[in-house]
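Coordinate inspection notes
Each chain, written out:
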Amino acid sequence: MNVILLGPPGSGKGTQGALLSERAGLPRISTGDLLREAVAAGTPLGAQAQGYMDRGLLVPDEIILGLIADVLGSPGAAGGVLMDGFPRTVPQAEAVDRLLGERGRQIDRVLLIEVPEHELERRLLGRARVQGRCDDTPETIHERLRVYEEQTAPLVEYYRRRGVLVDIPGVGSIEDIAQFIAKALDL
Ligand code: AMP
């Protein structure tokens with residue numbers, strides 16, 4: 001099963017992604033984590049990505065596609081994957097379709113985690129204090145929410161038209177949301 005977790009920054013994709021990956025036995029691919037690792041390791045890719053991340057902008061599609069082509073094509077991904085924070089643009093979604101299609105696979109479910117905007121801002125500011133992520137300042141939070149609406153929200157229609165999108169209410173206890181997701185995936 002190939003599953004995408006879709007939702008704005010602060011919607012809980014990371015938390016639910018980690019739980020679901022364990023429960024469903026699906027390897028999780030988080031482009032945000034891969035990029036942060038590349039930045040921390042000081043690789044050329046990390047250096048290219050950092051400026052975008054610090055400003056709350058999306059890293060260009062070519063860089064992201066280079067990053068995930070190998071991961072999606074690896075033997076470890078053959079039994080299905082959980083994509084968290086990816087795809088984030090229509091060209092990325094088309095690339096995923098191509099990469100999976102070449103291997104006779106497809107996107108089976110897209111989980112759209114919905115959270116009201118004021119709650120997203122509250123969570124992201126809280127996370128900034130606890131985790132000290134350098135892209136969680138008030139200015140970049142605002143920018144990341146804007147970028148989500150502009151570049152990522154069109155994916156909702158892209159997947160809804162195909163009948164693979166499931167709406168998940170993202171407010172409530174972590175466990176309740178996890179149960180809702182498990183039901184949506186018939187787990
Ligand atoms: P995340 O941890 O998923 O919120 O990602 C943190 C930052 O990494 C984002 O604000 C983007 O700058 C960058 N990023 C992560 N995934 C992607 C992606 N699929 N496409 C473009 N940029 C991404």
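Summarised in this report is the structure supplied together with it. (Residues numbered from 1 in each chain as written. Predicted model: local features only at pLDDT ≥ 70, side-chain atom pairs only at ≥ 80, totals over all residues. Heavy atoms only, no water.)

This brings us to the environment of Gln151. Position of Gln151 among the secondary structure elements: in helix H7 (residues 138-152). Along the chain, Gln151 and Val90 lie 61 residues apart, while their C-alpha atoms are 7.8 Å from each other. Not counting chain neighbours up to four residues away, the residues in contact with Gln151 comprise Leu58, Arg88, Thr89 and Val90. (Helix = DSSP H or I, 4+ residues; strand = E, 2+ residues; numbered from the N terminus. Contact = heavy atoms within 4.5 Å.)

Looking now at the packing of aromatic side chains. Overall, the coordinates contain one aromatic pair when judged by the stated rule. When the ring centre of Tyr52 is taken as origin, the NZ or CZ atom of Arg55, which lies over that ring, is 5.6 Å away. (Phe/Tyr/Trp six-rings, centres within 6.5 Å; stacked < 30°, edge-to-face > 60°. Lys NZ or Arg CZ within 6 Å of the ring centre and 35° of its normal.)

Attention now goes to the sheet that holds strand S5 (residues 165-169). Strand order in the open sheet made by the five strands is S2-S3-S1-S4-S5, with parallel pairing throughout. With one partner strand each, in any of the chains shown, strand S2 (28-30) and S5 form the two edges of the open sheet. Adjacent strand axes in the sheet meet at a mean angle of 20 degrees, parallel and antiparallel pairs treated alike. Two elements, S2 and strand S3 (residues 82-84), share three bridges in a ladder whose sense is parallel. Note that in S3 the partner of Arg28 across the bridge is Leu82. Sheet strands in contact with helix H1 (residues 13-24) are strand S1 (3-6), S2, S3 and strand S4 (109-114), and its direction is about 165 degrees off that of S3. Relative to the sheet, helix H9 (residues 174-184) contacts S4 and S5, its axis offset from that of S5 by approximately 160 degrees. (Pairing = 2+ DSSP bridges. Axes fitted to C-alpha atoms, helices over the stretch in contact; angles between N-to-C directions.)

Everything listed is a geometric property; what it means functionally is a separate question.
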